[in-house]
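# Coordinate analysis (summary)
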Amino acid sequence: MDEQKYAISQYHDTKEIYARLDNLISQPMRPVNREKMQEFLSYFDNQCRRSKDLTDEAKKFIPGGVQHNLAFNYPFPIAIEKVEGAHLWDADGNQYIDFLQAGGPTVLGSNYAPLREKIFELLRSCGPVTGLFHEYELKLAQLVNRYMPSVEMFRMLGSGTEGVMAAIRAARTFTKKKYVIKVGGAYHGWSDQMVYGLHVPGTGRLEAKGIPRGASSATEEFFPNSLSALKRHLMVNRLRGGTAAVIVEPLGPESGTRPVAFDFNQKVRELCDEFGTLLIFDEVVTGFRLGLGGAQGFFGVKPDLTVFGKCISGGYPMAGGVGGRADVMMCFAAGIGGTGERAYIGGTLSANPLSCVAGYYSLLEMERTNAPVIAGRAGDRLTKGLQAVVEKYDLPFVVYNQGSIVHLETSGVMLLDLRNPIRLARELKPRKHMMEEMGAAYMSQGLITLAGSRMYTSMADTDDVIDEALRKFETVLSACA
Ligand SMILES: Cc1ncc(COP(=O)(O)O)c(C=O)c1O
């Protein structure tokens, strides 16, 4: 009997990771040497002709030719045709090991056959959508409650972005307070109020093109891990309308790219209690990738509200939701059994039977197979192997993982910030380009990563798959200057 319940076998030494990351960005970049990079790039011209033709044509009809912002699309996007388990095949028939895993939802592996069968069954009897109640809505809400007891009530929505919007709306309605505080650099989707301090801490409205100032005037950010800065915001806000919620990615911004200390979430919980503020866990990535209890189960911290995405529908559309304390969640029901004011939410296709059946059976299957833990072990193996390669070639690159979320920082671009604005201005572009090049170099060897610096592993990643991936990574990393 496997006793391990969470994907993380051992929590990292966060201070040590930051020391290594600081060392990485204090050094000159170590990109792939120019000659070898030309060789890697020639793969695309020689072996990806159909992808190129398709995506060139797409540029005429789709802005920029692509609609997914998860993968870097350098030198041009690859068109995918077939997917199974740990592998993808492109339109030219090339095979890849898939460490993007659609951005995280497919912990069971891509296009998992037993789940697909359940979907076919439902489609045959009911079709994908009715606009009316379906039993699987209830079954999924009950299951989430069983895994995460803090989720006393649950609302299925269309995406993580919508889940965040709903959580903030409920928090403001319930507390009657104004401000929402996030961690600088964290990603909580693309709603008007959350396009604030994106990617690079301290950048506030830098990315807020097309968003009126007022939309984010009650959003604030604090530097990752800085509990004193969070406390200062909470104290100031107390004098001017209060803080409705603090929202965190529990592993740290960008799925733990800027990792948190183990006790960070507990300390945020305590501050929220001190200031009468709701704590929102954005578990779009961590629930249920970290384990069926999510990050809240792993860290043993109870949020007031939890945001879901990705895994909540097993990688099938539409993946989003919000859940939590019954008294707060009842804000969404005011007319139907509720007593207070109503926080408005909607969505024609939200909670459709297809999404609910997909979520229900994928979670049950993850429980039956212990998929989060198996995916976590694959992440451990990949991390250890990459660390050995980095050491072998004496590279300053930093490799660490939180179970099935593996970080391979080579350019360090994600670690630049406004505390050193001169370095940020000077190095942002070249380091970003290096990250794109690394992504392309890995792809030329048959490895798909998330933006050249993150990998999601799944239950389909056997030891053989990981070992093959390590050989391919070594081909690239050994060519770094
Ligand atoms: C932590 C986090 N929150 C929210 C979102 C937004 O979810 P969606 O893309 O479903 O809108 C994402 C997406 O990657 C995410 O990683």
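Residues numbered from 1 in each chain as written. Predicted model: local features only at pLDDT ≥ 70, side-chain atom pairs only at ≥ 80, totals over all residues. Heavy atoms only, no water.

So, about unusual backbone geometry. Proline 75 follows tyrosine 74 through a cis peptide bond whose omega is 0 degrees. Position of proline 75 relative to the elements: it lies in the loop between α3 (49-61) and β1 (80-84). Positive phi values are uncommon outside glycine, yet lysine 176 reaches one of about 60 degrees. Note on placement: lysine 176 falls in the loop between α6 (160-175) and β5 (179-183). A relative accessible area of 58% means that lysine 176 is categorised as exposed. Unusually for a residue other than glycine, serine 255 sits at a positive phi of about 55 degrees. Tracing the backbone through its elements, the reader meets serine 255 in helix α8 (residues 253-256). By relative accessible area, which is 6% here, serine 255 ends up buried. (Helix = DSSP H or I, 4+ residues; strand = E, 2+ residues; numbered from the N terminus. Buried < 20%, exposed > 50% of the residue type's maximum accessible area, 1.4 Å probe, protein only.)

Looking now at the site of the ligand. For the ligand, the full set of nearby residues is Ser159, Gly160, Thr161, Tyr187, His188, Gly189, Glu249, Asp282, Val284, Val285 and Lys310. Threonine 161 places a side-chain nitrogen or oxygen 2.6 Å from an oxygen atom of the ligand. Backbone polar atom of tyrosine 187 to a nitrogen atom of the ligand: 3.3 Å apart, as the coordinates give it. For the ligand, whose accessible area on its own is 390 Å², the fraction buried by protein is 82%. Here the shell around the ligand is built from residues that sort into 3 nonpolar, 5 polar and 3 charged. (Near = heavy atom within 4 Å. Polar contact = N/O pair within 3.5 Å; in protein donor to acceptor, adjacent residues only side chain to side chain. Areas by Shrake-Rupley, 256 points an atom, 1.4 Å probe, with all protein chains shown as cover. Nonpolar A, V, L, I, M, F, W, Y, C, P; charged D, E, K, R; others polar.)

Before going further, it helps to spend a moment on the pattern of salt bridges. Side-chain pairing between opposite charges can occur once the charged atoms of the two side chains come close. A complete count under the given rule lists 24 salt bridges for this structure. Notably, a salt bridge pairs glutamate 16 with arginine 20, separated by 3.4 Å at the nearest N-O pair. Of this pair, glutamate 16 and arginine 20 both sit in helix α1 (residues 14-25), 4 residues apart, which is roughly one turn of the helix. Residue classification places arginine 20 among the partly exposed residues on the basis of a relative accessible area of 27%. Between arginine 454 and glutamate 254 there is a salt bridge, and its shortest N-O distance comes to 3.2 Å. Within this pair, whereas arginine 454 is found in strand β14 (residues 454-456), its partner glutamate 254 is found in helix α8, the two being separated by 200 residues in sequence. Through salt bridges with shared partners, one network takes in Arg269, Asp273, Asp304, Arg325 and Asp327. (Salt bridge = Lys/Arg side-chain N within 4 Å of Asp/Glu carboxyl O.)

With respect to the element layout, lysine 432 can be found in helix α15 (residues 421-444). Accessibility expressed as a relative area gives 39% for lysine 432, which makes it partly exposed. Here the alpha-carbon distance between lysine 432 and arginine 325, two residues 107 residues apart in the chain, equals 41 Å. Not counting chain neighbours up to four residues away, the residues in contact with lysine 432 comprise Phe72 and Val413. (Contact = heavy atoms within 4.5 Å.)

In this section: the domain arrangement of the protein chain. Interfaces are often sized by the amount of accessible area the parts lose when they come together. The domain boundaries assigned to the protein chain delineate domain 1 (14-105 + 370-477) and domain 2 (113-368). Spacing between the C-alpha centres of domain 1 and domain 2 amounts to 27 Å. Listed as interface residues are 28 residues of domain 1 and, on the opposing side, 28 residues of domain 2. For the domain 1 and domain 2 pair, buried surface summed over both sides reaches about 2300 Å², with 55% attributable to carbon and sulfur atoms. When the buried surface of domain 1 facing domain 2 is broken down by residue, Pro105, Pro372 and Met414 rank first, second and third, together holding 23% of it. At the boundary of domain 1 with domain 2, the tally comes to 2 salt bridges. There are 21 residue pairs in polar contact (both at pLDDT 80 or more) connecting domain 1 and domain 2. Breaking the side of domain 1 that touches domain 2 down by element, the ones donating at least two residues are α1, α14 (371-392), β11 (398-402), β12 (405-409) and β14. In terms of residue count, α1 provides more of the side of domain 1 that touches domain 2 than any other element does, 4 residues in total. (Domains from an automatic or database assignment. Buried area = accessible area lost by both parts, 1.4 Å probe.)

Before going further, it helps to spend a moment on the nonpolar core. By size, the foremost hydrophobic cluster in this structure holds 87 residues, and its most contacted members are Phe44, Phe99, Leu382, Leu386, Phe473 and Leu477. Take this core: its biggest share by element is 8 residues, from α15. Looking at this core, you find at least three residues from each of domain 1 (14-105 + 370-477) and domain 2 (113-368). Excluding anything up to four places from it in sequence, phenylalanine 44 contacts Arg49, Pro75, Phe76, Ile78, Ala440, Met443 and Ser444. (Core = buried A, V, L, I, M, F, W, Y, C linked by side-chain atoms within 4.5 Å.)

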